[in-house]
Amino acid sequence: MQRAAKRAFAQTIKSVKAREVYDSRGFPTVEAEVTTGLGTYRAMVPSGASTGIYEALELRDTGSSRLSGKGVTKAVENVNKIIAPALLGKSVEAQTEIDRLMVETLDGSKNEHGFTKSKLGANSILSVSLAVARAGAAAKGLPLYQHLAHLAGRDGKKYRIPVPSFNIINGGRHAENKMAFQEFMILPLGANSFKQAMEMGTDVYHHLKKIIAKKYGKANTNVGDEGGFAPNIANPEDALELASEAISQAKLQGKVFFGLDVAASEFFDTKANTYNLDFKNEGAAARLLNQKQMIELYGKLAQKYPIVTVEDPFDQDDAEGWKMFTETFGEKLQVVGDDLLVTNPSRIQMAKKNKLCNALLLKVNQIGSLTESIQASNTARDFGWGVMISHRSGETEDNFIGDLVVGLSTGQIKSGAPCRSERIAKYNQILRIEEELGDKAEYAGVNFKSAPPK
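Residues numbered from 1 in each chain as written. Predicted model: local features only at pLDDT ≥ 70, side-chain atom pairs only at ≥ 80, totals over all residues. Heavy atoms only, no water.

A. Examining the overall build of the protein chain more closely. Assigned secondary structure in the protein chain consists of 14 helices and 19 strands. Along the three orthogonal principal directions, the C-alpha set of the protein chain runs to about 70 × 50 × 45 Å. Counting all 454 residues of the protein chain, 61% fall into the buried class. Counted over contacts in the protein chain with a minimum sequence separation of 6, partners at least 24 positions apart contribute 69%. Roughly 17,900 Å² of accessible area belongs to the protein chain as shown, and the carbon and sulfur atoms make up 48% of that amount. Charged side chains in the protein chain number 57 positive and 53 negative. The centres of these two groups are separated by 4 Å. (Helix = DSSP H or I, 4+ residues; strand = E, 2+ residues; numbered from the N terminus. Buried < 20%, exposed > 50% of the residue type's maximum accessible area, 1.4 Å probe, protein only. Contact = heavy atoms within 4.5 Å. Areas by Shrake-Rupley, 256 points an atom, 1.4 Å probe, with all protein chains shown as cover. Lys, Arg positive; Asp, Glu negative; His and termini not counted. Charge placed at Lys NZ, Arg CZ, Asp CG, Glu CD.)

Put into structure tokens, the structure is as follows:
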């Protein structure tokens, strides 16, 4: 009886509370607290700048003059007045049941792609979902990553430490320059540990800063939302040349590879069915490319530079472009769906059926609950796809995805440049976990797309 009482003390939710806090761009977001007999466990929700139209609803105080309508007081109120009373007395170890209660019963809004969270807001639900996971790990006396492994159906005995995809040059909606492509990333596949991967990425990053300052002036070493430099260039090849020079100066050729996040939905003209590479360059003659021309551009870049992964090469509704791209490059490149998939198991099924991509970008706030995020990862893995865990442009100091990527052992994470504390917080957490696990974990390296160890 005493043991049962002690376990109930650790498991049982005593209170749930939310508040409005701020993200890395100075916009409000939701933080939730879940309190059990063991203590209080918090989680914050990130927010995207370039968002897919199929993402679950992020509830904002639209129409209000306060904080330009970006406040989250309605979302906070939904936690405090609707979610909190419904969770009192429940066990934090019942993650799936709690998530379903919030998503399917308390909210219940739905469309052909699944639950939309349009009543309570994905930010309301997710903040509580992640906080419950932290409380659940504590109740079981486990590190968060091990608890997450168990929730995903893994035994948690062996882990894969991810390859970091450092966003070292920013463009698109993440920077005030002329570049249409959103991210130019480097992946240290040739490292033998996450610790060494961090050293490689940081070394290249600092060499790049000096190169940009010398070539374009020190003002061009200002950084974008995710910590990458934002030189005023417009040609993707120019960005890859800068990065190549930095890799060369760091003497890391053959060890550091490239990744692109094109975010093509941001510059797609649905009426003309073309992509405008000058969408941010007012007054310039538009560089309009059709699907075939975009594929030719990607082919030219992939032939010249060691690119291993490409995200969102076409608009989220340009199925023809996606299919053509994957048929052409799917054997050589990881083709990652972000706006296309929005971490939604239903859209993953659709993309698999139509052969649109071969990898998932997993963002927990796109779908709005931990349980659905894990389901999305497991679905993609069942298809033999790669899975890259991702931050958002509007981030917080919360390092949850550092544990998530190890727990799911997906082998890949992008959390921005090795710069800005809200980005580094995730990388630093993985460093701690790698040190703690020792020989129970392996660095993914060239196997970054492979299934996790059993």
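B. Just the packing of helix H6 (residues 194–216) against helix H7 (residues 236–249), in detail. Between H6 and H7, whose axes approach to 8 Å, the crossing angle comes to 125°. In terms of orientation, H6 lies oblique with respect to H7. When the axes of H6 and H7 are compared, the crossing they make is right-handed. Note on element contacts: H7 touches H6 through Leu-242, Ala-243, Glu-245, Ala-246, Ile-247 and Gln-249, opposite Val-204, His-207, Leu-208, Ile-211, Ile-212, Lys-215 and Tyr-216. (Axes fitted to C-alpha atoms, helices over the stretch in contact; angles between N-to-C directions. Parallel < 35°, antiparallel > 145°, perpendicular 65-115°, else oblique. Left-handed = near helix turned anticlockwise from the far one by under 90°.)

C. Quick peek at the packing of aromatic side chains. Tallied over the entire structure, the rule returns 17 aromatic pairs. Plain terms: the ring middles of Phe-194 and Tyr-427 are 6.3 Å apart, the flat faces sit at 45° to each other, and that makes the pair tilted. Residue Phe-194 is found in helix H6, and its partner Tyr-427 is found in helix H14 (residues 421–437); the two are separated by 233 residues along the sequence. Taken individually, Phe-194 and Tyr-427 each receive the classification buried, so the pair is uniform in this respect. Centre to centre, the rings of Tyr-275 and Phe-314 are 5.6 Å apart; their planes meet at 75°, and the pair counts as edge-to-face. (Phe/Tyr/Trp six-rings, centres within 6.5 Å; stacked < 30°, edge-to-face > 60°.)

D. Spatial organisation of the side chain of Asn-177. Along the polypeptide, Asn-177 turns up in the loop between strand S8 (166–170) and strand S9 (183–187). Here Asn-177 falls in the buried class, since its relative accessible area comes to 5%. A distance of 3.0 Å separates a polar atom in the side chain of Asn-177 from the backbone oxygen of Asn-170. Among the polar contacts made by the side chain of Asn-177, one reaches the main-chain carbonyl oxygen of Pro-231 at a distance of 3.0 Å. Here Asn-177 is in contact with Asn-170, Gly-171, Ala-230, Pro-231, Asn-232 and Lys-280, once residues within four sequence places are set aside. (Polar contact = N/O pair within 3.5 Å; in protein donor to acceptor, adjacent residues only side chain to side chain.)

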